[in-house]
Amino acid sequence: GAGEAKGEPMDLEEWKKIFDTACAPERNVREYANILAARLLLGALLPEGMEEDGSMTFDLKKPIGGHGCAYCDIVYMDDDLRIMRGHHGSVYVFSRVPEPQHIYV
């Protein structure tokens, strides 16, 4: 992915004030833990700094969700029943619950 400033030159200066790591305050332990988690869980390769044009790029080597592709096929469906098969072979059966009969005393 990438992040970059769009618009007027003044916007670039504001962008740099907010996102340039050279101007940023020292990170605390929690921020370092978040970066470590992103590296371990997502394979994140974070930028060391900002380019002259204000752009920053990053890569996520592991897909979000862990498997990269998820789907469910609808095997059967009518007004009261739906049967689906997941991408790992799981079978899901959904049945419509009838409306409760209201009894007024």
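This structure is a prediction, so every number in the text was calculated from the model and none was measured. (Residues numbered from 1 in each chain as written. Predicted model: local features only at pLDDT ≥ 70, side-chain atom pairs only at ≥ 80, totals over all residues. Heavy atoms only, no water.)

Observations concerning the overall build of the protein
Right, so step 1: Scanning the protein from terminus to terminus reveals two helices and seven strands.
Right, so step 2: Counting from the amino terminus, the protein carries its helices and strands in the arrangement β-α-α-β-β-β-β-β-β.
Right, so step 3: Per-residue burial for the protein yields a buried fraction of 12% across its 105 residues.
Right, so step 4: A separation threshold of at least 6 residues defines the contact pool for the protein, and within that pool the share at least 24 residues apart is 25%.
Right, so step 5: Element-wise, carbon and sulfur atoms account for 57% of the exposed surface of the protein, whose accessible area totals about 9200 Å². (Helix = DSSP H or I, 4+ residues; strand = E, 2+ residues; numbered from the N terminus. Buried < 20%, exposed > 50% of the residue type's maximum accessible area, 1.4 Å probe, protein only. Contact = heavy atoms within 4.5 Å. Areas by Shrake-Rupley, 256 points an atom, 1.4 Å probe, with all protein chains shown as cover.)

Concerning the pairing of strand E6 (residues 81–86)
Right, so step 1: Relative to E6, strand E5 (residues 72–77) is paired through five bridges, and the arrangement is antiparallel. Each residue of the ladder has a partner; that of Ile74, found in E6, is Met84.
Right, so step 2: Where E5 hands over to E6, the hairpin turn is made up of three residues, counted between the paired strands.
Right, so step 3: Of the strand pairs in this sheet, E6 and strand E7 (residues 91–95) are connected by five bridges, and their pairing is antiparallel. (Pairing = 2+ DSSP bridges.)

Looking at the packing of aromatic side chains
Right, so step 1: With the rule as written, the count across this model stands at zero aromatic pairs.
Right, so step 2: Sitting over the face of the ring of Phe94, Arg82 holds its NZ or CZ atom 5.6 Å from the ring centroid. (Phe/Tyr/Trp six-rings, centres within 6.5 Å; stacked < 30°, edge-to-face > 60°. Lys NZ or Arg CZ within 6 Å of the ring centre and 35° of its normal.)

Some words on the sheet that holds E7
Right, so step 1: Read across the open sheet, the three strands follow the order E5-E6-E7; overall the sheet is antiparallel. Two strands close off the open sheet at either side, each with one partner strand: E5 and E7. Each strand axis lies, on average, 20° off the axis of its neighbour in the sheet, ignoring direction. (Axes fitted to C-alpha atoms, helices over the stretch in contact; angles between N-to-C directions.)

Digging into the side chain of Ser55
Right, so step 1: Relative to the assigned elements, Ser55 resides in the loop between strand E2 (44–45) and strand E3 (56–57).
Right, so step 2: A distance of 2.7 Å separates the side chain of Ser55 from the side chain of Asp53, its partner in a polar contact.
Right, so step 3: Ser55 has contacts with Gly3, Glu4 and Met50, leaving out every residue within four places of it along the chain. (Polar contact = N/O pair within 3.5 Å; in protein donor to acceptor, adjacent residues only side chain to side chain.)

Some words on helix H2 (residues 29–42)
Right, so step 1: Taking 1.5 Å of rise per residue, the 14 residues of H2 would be expected to cover 20 Å, and the 20 Å separating its terminal C-alpha atoms lies within 8% of that figure.
Right, so step 2: Taking the backbone nitrogen of Arg30 as reference, a side-chain oxygen 3.1 Å away marks Asn28 as the first, capping residue of H2.
Right, so step 3: Immediately downstream of H2, the backbone of Gly43 shows phi near 65°, a positive value. (Expected span 1.5 Å × (residues − 1).)

Section: the environment of Met56
Right, so step 1: Assignment of secondary structure puts Met56 in strand E3.
Right, so step 2: Classification of Met56 by relative accessible area gives buried; the value is 18%.
Right, so step 3: Sequence separation between Met56 and Phe19 is 37 residues; the distance between their C-alpha atoms is 9.1 Å.

It is worth stressing that arrangement in space is one thing and function is another; only the former is reported here.
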